Amino acid sequence: MERKDFETWLDNISVTFLSLTDLQKNETLDHVISLSGAVQLRHLSNNLETLLKRDFLKLLPLELSFYLLKWLDPQTLLTCCLVSKQWNKVISACTEVWQTACKNLGWQIDDSVQDALHWKKVYLKAILRMKQLEDHEAFETSSLIGHSARVYALYYKDGLLCTGSDDLSAKLWDVSTGQCVYGIQTHTCAAVKFDEQKLVTGSFDNTVACWEWSSGARTQHFRGHTGAVFSVDYNDELDILVSGSADFTVKVWALSAGTCLNTLTGHTEWVTKVVLQKCKVKSLLHSPGDYILLSADKYEIKIWPIGREINCKCLKTLSVSEDRSICLQPRLHFDGKYIVCSSALGLYQWDFASYDILRSASYSEWRTESRVPDESSVSF
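The residue numbering used here restarts from 1 in each chain and proceeds along that chain's sequence as written. Only residues with pLDDT of 70 or above have their local features reported here, since the model is predicted, and side-chain atom pairs are shown and tallied only from 80 upward, although totals for entire chains, interfaces and linings are computed over all residues. The side-chain values count all of the structure's non-hydrogen atoms but skip hydrogen atoms and water molecules.

## Observations regarding the UniProt feature "domain: F-box" (unreviewed entry) in the protein
Argument step 1. UniProt positions are given in the numbering used here, feature names are shortened, and annotations may be inferred rather than shown by experiment. When the UniProt feature table is mapped to this numbering, "domain: F-box" (unreviewed entry) covers residues 54-101.
Argument step 2. A helix here means a DSSP run of H or I that spans at least four residues, while a strand means a run of E at least two residues long, and both kinds are numbered starting from the N terminus. Secondary structure over residues 54-101 splits into 71% helix and 0% strand, and the C-alpha atoms at its two ends are 28 Å apart.

Here it is in structure tokens:
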């Protein structure tokens, strides 16, 4: 058939086809398909796939696309970013999605930053660092050689690391060079904390001591515990030192005088961590600016008010399991707003204003979230 005759015939067939009912159109197509050979069927298959595809992210209004994206987990979203440039552009522009992803990783969100790409980059950097931590690739390691026995106590501050050892010494190291800056003969150290002028140590000999860096002399010796002292903290403004011990007590001392001001009881296990910090939030039990003492044992964290009035009662006791099935580790952090503690199972975060647990996450959950898409020495 000549081209001109074919076009005339095709126009007539098209007009007739459009006048048919849906059922008649289907029967016509079935008949044409039955008459087709392999070449025609392959042509039909290739073109139908393109005709039936619908890019919903491109066709939907942006607000509806954002709403749908909120139901996807970050790992799926990152995979979707690889579909096309259009999908990557839409997904990367959804601020709420990436802010939520960062918040679920424990990130503090600044609502004034509404740049979605910023929060996506924050999320990617966070999970990359978590993966590096899991694989022990986040930091370079080196060894500080100098102690001749077990190193039990560590405290890091401003590029300096203090170590306390069973060799009856404490050493101060510059971590950038690995060099020992100071060394002091002490007792067996179970806990250390330092500043520019002094070093405070808790010992397995049941005492706490304060040492002067410049001379190495012991300036105070705090006696009174009947068990090893596993943690110490102090505040020069209050002139107070606190210590937690294996005798189940927390003692409050006059830092300059060396006298015991109070003994706090209530723990039923070794007190392995004490933290003295100024409160930054208000509640029924405390106000911003109040000094707060946290003491932790194997199962509980107790909260005490500390100030000019030394005689105090426990404000609150926090725990993660009523039946004591979950043991806490001596890793406790308090910044005045939030309390964070770890256990063998995971991490726990409390809001200090309400004492509610904001978040608990097992280490397996952290590892799952941190999957990165295809896109006598001390070591530190």
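## Digging into the UniProt feature "repeat: WD" (unreviewed entry) in the protein
Argument step 1. The sites that UniProt annotates as "repeat: WD" (unreviewed entry) are residues 144-183 and 222-263.
Argument step 2. With 0% helix and 65% strand, residues 144-183 has end C-alpha atoms that lie 13 Å from one another.
Argument step 3. Strand forms 55% of residues 222-263 and helix 0%; the C-alpha atoms that close the span are 13 Å apart.

## Re the pairing of strand β18 (residues 328-334)
Argument step 1. A pair of strands is considered paired only if DSSP assigns at least 2 bridges between the two. Where β18 lies against strand β19 (residues 338-343), 4 bridges are found, and the strand directions are antiparallel. Across the sheet, L328 pairs through a bridge with S343, a residue of β19.
Argument step 2. Remark: 3 residues form the turn of the hairpin made by β18 and β19, two consecutive strands paired antiparallel; G336 in that turn has positive phi of roughly 100°.

## So, a nonpolar patch on the surface
Argument step 1. Nonpolar side chains (Val, Leu, Ile, Met, Phe, Trp, Tyr) within 5 Å and like charges within 9 Å form the patches, drawn only from residues with over 30% relative accessible area and no salt bridge. For accessible areas, the Shrake-Rupley method is used with a probe of radius 1.4 Å. Any residue's cover is judged against the shown protein chains and nothing else. The rule for a salt bridge is simple: a side-chain nitrogen of Lys or Arg has to be within 4 Å of a carboxyl oxygen of Asp or Glu. Where nonpolar side chains cluster on the molecular surface, the patch consists of L29, I33, L41, L44, L48, L51 and L52 and spans about 640 Å² of accessible area.
Argument step 2. Mapped onto the nonpolar patch, the elements with two or more residues apiece are α2 (22-35) and α3 (38-52).
Argument step 3. Element by element, the count of residues in the nonpolar patch is highest for α3, at 5 residues.
Argument step 4. Relative to the assigned elements, L41 resides in helix α3.
Argument step 5. Whether a residue is buried, partly exposed or exposed follows from its accessible area with a 1.4 Å probe, protein chains only, as a fraction of its type maximum: under 20%, in between, or over 50%, in that order. Looking at L41, the relative accessible area reads 39%, which means it is partly exposed.

## Some details on unusual backbone geometry
Argument step 1. At D158, a residue that is not glycine, the phi angle is positive and equals roughly 50°.
Argument step 2. Tracing the backbone through its elements, the reader meets D158 in the loop between β2 (151-157) and β3 (160-165).
Argument step 3. Owing to a relative accessible area of 66%, D158 belongs among the exposed residues under this scheme.
Argument step 4. For D239, which is not glycine, the phi dihedral falls at a positive 55°.
Argument step 5. Mapped onto the elements of the fold, D239 is located in the loop between β10 (229-235) and β11 (240-245).

## Brief notes about the packing of aromatic side chains
Argument step 1. Each aromatic pair joins two rings of Phe, Tyr and Trp (for Trp, the six-membered one) with centres within 6.5 Å, and gets the label stacked for planes under 30 degrees apart, edge-to-face for over 60, and tilted for any other angle. Under the counting rule described, the total for this entry stands at 13 aromatic pairs.
Argument step 2. The ring of F139 carries the charged tip of R129 above its face, separated from the ring centre by 5.7 Å. Charge-over-ring contacts are defined here by two conditions on Lys NZ or Arg CZ: a distance within 6 Å of the ring centre and an angle within 35 degrees of the ring normal.

## Regarding the sheet that holds strand β15 (residues 291-296)
Argument step 1. As summarised here, the arrangement of the 4 strands in space is β14-β15-β16-β17, forming an open sheet in which the pairing is antiparallel. The open sheet terminates on both sides in strands that have one partner only, identified here as β14 (273-278) and β17 (316-319). Geometrically, the sheet is characterised by an average inter-axis angle of 20° between neighbouring strands, direction not taken into account.
Argument step 2. Across 4 bridges, strand β16 (residues 300-306) lies against β17 in antiparallel orientation. In the sheet register, E300 faces β17, and the bridge partner there is S319. Axes, fitted as lines to C-alpha atoms, cover a helix only where it is in contact. Angles between the N-to-C directions of the axes lie from 0 to 180 degrees.

## Overview of the confidence of the model for the protein
Argument step 1. Here pLDDT means the predictor's own confidence in every residue, given as a number from 0 to 100. Per-residue pLDDT for the protein has a mean of 88; in total, 93% of the residues score no lower than 70.
Argument step 2. When the criterion is pLDDT under 50, residues 366-380 qualifies, and its contacts beyond four places in sequence or with other chains add up to 43 contacts. Throughout, a contact is declared for two residues whenever any of their heavy atoms are within 4.5 Å.

## Details of the sheet that holds strand β13 (residues 260-264)
Argument step 1. Read across the sheet, 4 strands follow the order β10-β11-β12-β13 without closing on themselves; strand pairing throughout is antiparallel. The open sheet has two edge strands with one neighbour each: β10 and β13. Along the sheet, successive strands turn relative to each other by an average axial angle of 20°, direction set aside.
Argument step 2. Here β11 pairs with strand β12 (residues 250-254) via 5 bridges, running antiparallel. Counterpart to L241 in the pairing with β12 is W253.

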